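# Examination of the molecular architecture
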Amino acid sequence: SVAPSARIPSQLCTARSIMPVDRHVLANERTLMAWLRLAATMGLGAFLVNVLQKSSSKAALGPMSLVQSLVAIIIAAVSLVRFYQRDYLLKSRHMGAAFGDWMLPVLSGGMILAIVVSATGSAISRWAEWHFHGPECVALPGFLETPGAPRPHVYVSFHGSSEPTSAICHPEQGVSGIHKFSLASGEYVGPATDQLSAVQKMPRQLLVAGDHLLVADGAPSMSSVAVFGRCVPPEPDHVSVPPREFLGVIRAPAQDTRSAEGLLAHGAPVTPLAMEHPYGLALGPDGSTLHVSTQNGGAAISVSLKNGSMALTQQVAPPVPLVGRQVGGPLRGIAVDAANCMHVADRKAHRVAHYCPADAPQPSGFTEVKHPIALSVVHDMPHEAGTLLVGSVEKRASLDADGSDIGDAEGVVLAFPLDLHKPVFPLKVSATYGDKKSLSHPAGMLVSGGLLYVLDQSSKQLLSFDLETAKYKGAAIKTLPDVPEDVALVPDGC
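Notes on the structure in this doc start here. Because the structure is predicted, anything quoted here is derived from the model rather than measured. (Residues numbered from 1 in each chain as written. Predicted model: local features only at pLDDT ≥ 70, side-chain atom pairs only at ≥ 80, totals over all residues. Heavy atoms only, no water.)

### Notes on the overall build of the protein
- Helix and strand content of the protein: 4 helices and 26 strands.
- Within the protein, the proportion of its 494 residues that are buried is 47%.
- In the protein, of all internal contacts separated by at least 6 residues, the share reaching a separation of at least 24 is 54%.
- Surface summary for the protein: the accessible area is close to 23600 Å², and the carbon and sulfur share equals 60%. (Helix = DSSP H or I, 4+ residues; strand = E, 2+ residues; numbered from the N terminus. Buried < 20%, exposed > 50% of the residue type's maximum accessible area, 1.4 Å probe, protein only. Contact = heavy atoms within 4.5 Å. Areas by Shrake-Rupley, 256 points an atom, 1.4 Å probe, with all protein chains shown as cover.)

### Things to note about the sheet that holds strand S4 (residues 203-209)
- Read from one edge to the other, the open sheet built from 4 strands follows the order S4-S5-S6-S7, with strand pairing classed as antiparallel. Pairing within the sheet leaves two strands with one partner each, and these edge strands are S4 and strand S7 (246-250). On average, each strand axis in the sheet is inclined to that of its neighbour by 20°, with strand direction left out of account.
- Two strands pair when backbone bridges link them, and S4 and strand S5 (residues 212-217) are joined in this way by 5 bridges, in the antiparallel orientation. When the bridges of S5 are listed, Leu-206 appears paired with Val-215. (Pairing = 2+ DSSP bridges. Axes fitted to C-alpha atoms, helices over the stretch in contact; angles between N-to-C directions.)

### So, unusual backbone geometry
- Between Arg-151 and the following residue, Pro-152, the backbone shows a cis peptide bond with an omega angle of 5°.
- Topologically, Pro-152 is positioned in the loop between helix H3 (103-133) and strand S1 (153-158).
- The omega torsion of the bond from Phe-425 to Pro-426 falls at 10°, within 30 degrees of zero and hence cis.
- For Pro-426, the position within the fold is in the loop between strand S20 (410-417) and strand S21 (431-433).

### Quick look at the packing of aromatic side chains
- Applying the stated criterion to the full structure yields 5 aromatic pairs.
- Ring centres of Phe-143 and Tyr-188 lie 5.9 Å apart, and the angle between their planes is 65°; this geometry places the pair in the edge-to-face category. With a gap of 45 residues between them, Phe-143 in the loop between H3 and S1 and Tyr-188 in strand S3 (residues 188-191) connect regions that are remote in the sequence.
- Relative accessible area serves as the criterion here: at 24%, Phe-143 is assigned to the partly exposed category.
- Tyr-188 gets classed as buried once you look at its relative accessible area, which sits at 4%.
- Ring geometry for Phe-228 and Phe-246: centres 5.6 Å apart, planes at 55°, overall tilted. (Phe/Tyr/Trp six-rings, centres within 6.5 Å; stacked < 30°, edge-to-face > 60°.)

### Comments concerning empty space enclosed by the protein
- Summed over the entire model, instances satisfying the criterion amount to 5 cavities of 30 Å³ or more.
- Here the second largest cavity is characterised by a volume of approximately 60 Å³. (1 Å grid on protein atoms, 1.4 Å probe; cavity = no way out; pocket = protein on both sides within 12 Å on 5 of 7 lines; lining within 4 Å. Points joined across faces, edges and corners; volume = space filled by probe spheres on them.)

### Observations concerning the sheet that holds strand S12 (residues 331-336)
- Read from one edge of the open sheet, 4 strands run S12-S13-S14-S15, paired in antiparallel fashion. Lying at the two open borders of the sheet, with one neighbouring strand each, are S12 and strand S15 (365-368). Taking each pair of neighbouring strands and ignoring which way they run, the sheet shows an average axis angle of 20°.
- Summarising the sheet, S12 and strand S13 (residues 342-346) pair through 4 bridges and their orientation is antiparallel. Paired with Leu-331 across the strands is Asp-346, a residue of S13.

### Side note on the layout of surface pockets
- Of the volumes computed, that of the second largest pocket is approximately 740 Å³.
- Elements with a contribution of two residues or more to the lining of the second largest pocket: S4, strand S8 (278-283), S12, strand S16 (372-378), strand S22 (442-448) and strand S26 (484-489).
- Residue composition of the lining of the second largest pocket, grouped by class: 20 nonpolar, 4 polar and 3 charged. (Nonpolar A, V, L, I, M, F, W, Y, C, P; charged D, E, K, R; others polar.)

### Some points on the pattern of salt bridges
- Tallied over the full model, the rule gives 2 salt bridges.
- The closest approach of N and O atoms between Glu-485 and Arg-204, which form a salt bridge, is 3.6 Å. Remark: Arg-204 occurs in strand S4 and Glu-485 occurs in strand S26; sequence separation between them is 281 residues. You'll find Glu-485 and Arg-204 in the same group, each marked buried.
- Note that Arg-230 and Asp-211 form a salt bridge whose closest N and O atoms lie 3.3 Å from each other. Here Arg-230, found in the loop between strand S6 (224-228) and S7, pairs with Asp-211, found in the loop between S4 and S5; they are 19 residues apart in sequence, far enough to count as distant.
- Its relative accessible area of 54% is what places Arg-230 among the exposed residues. (Salt bridge = Lys/Arg side-chain N within 4 Å of Asp/Glu carboxyl O.)

### Considerations on the environment of Ala-226
- Relative to the helices and strands, Ala-226 resides in strand S6.
- Of the residues examined, Ala-226 reaches a relative accessible area of 2% and is grouped as buried.
- Between the C-alpha atom of Ala-226 and that of Val-215, which follows or precedes it by 11 residues, the distance is 5.1 Å.
- Ignoring any residue separated from it by four or fewer positions in sequence, one finds Ala-226 in contact with Gln-200, Leu-213, Leu-214, Val-215, Phe-246, Gly-248 and Val-249.

Here you go:
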């Protein structure tokens, strides 16, 4: 027997007998927190996948986001049930395994494995599609290529895709190439550029300058003007004209180290800040000067097509740097008339700024317009001196993240006669084309054969109006694969 003095006190025995249980309780709580953190992480991942889906228009990400959210909820629920079950067993001094201990590791491990397999399979599938089928998709998939469609033909640029090479076989994810359509029949003619060789992400306005085709690219990482070569006649056994060769890009030189005030001064060198998000293109009356309006740079930039020199012609509005997610800037289209007067659409200021001549030190005047977008100077109107056409969104329902209109908008095209001898501003409207029944969001426009053609971004159509009566004539092109940006006549032989 043990002497009474050598016995362990009963209270100490009780404390020591409870300590292992306490350790298991703490371990149970830590396990619960770990599984809840995993569930929260998976929920956050599902949210980010959903955001990525909306920004990139990838429908395949939707089911993955839903499954991941459901698994996160199941993990959180099972972990709570398991915690209370384990807590009950611990209180009853049961140290064995609780029912369902295998469920959480299997769920989480299976989900992680599914994500890895899905991502790997998607990457392999996209690579194989681009590598083996990409050249076949240069012509728009789902559209019947008709190179013999009646002329005239038009070039059309589209809103684009953040991943032009992988989206080339999926027009619903965005079209970054330039394509040709028949103005007479609305048929698809064929590709004008090769989306694989000319990686443009956000094509905006385009311009035919001599033998070359110029296209503005507003992508934050690009911010340039793509240059395509002359048309190549079709091969003897082919009817279709091959896509124009991609020659390179016009972009701002490396960032200057001087102050921002000096960089934005009249006539200063062009910098990436001023060149951010090129939008509009116009050719000067000499035929050798390219004028570029930059949506976020807020500038009008001149480029010599003879020697490539660039200059900041006008700082029309303060720049809006592209930081993180794209934010819409103030400027849109640009036009230059025969008197070398430059007209720039300032959407945020609700006006068109006029500079006569284009490099005037101060604006020559302003014309108030609700939300000016596309500009065009045409000489097929009744006014001999020419007419400035301004596409405007008169009513905006809501705005997208990049400042583009979405929803039920109402648009018009306003015609302003020009006086090339004695320009007087503001200009006065002589005709209005479009109403809420026919036009919602005007973009690029052109005049041909006594008709005004206007791209409507809401309906993805090319609409036509009678020049003299302004009466709506119908849709010249009823189905376009992506949101259209600009339109221009295809030269003969192209």
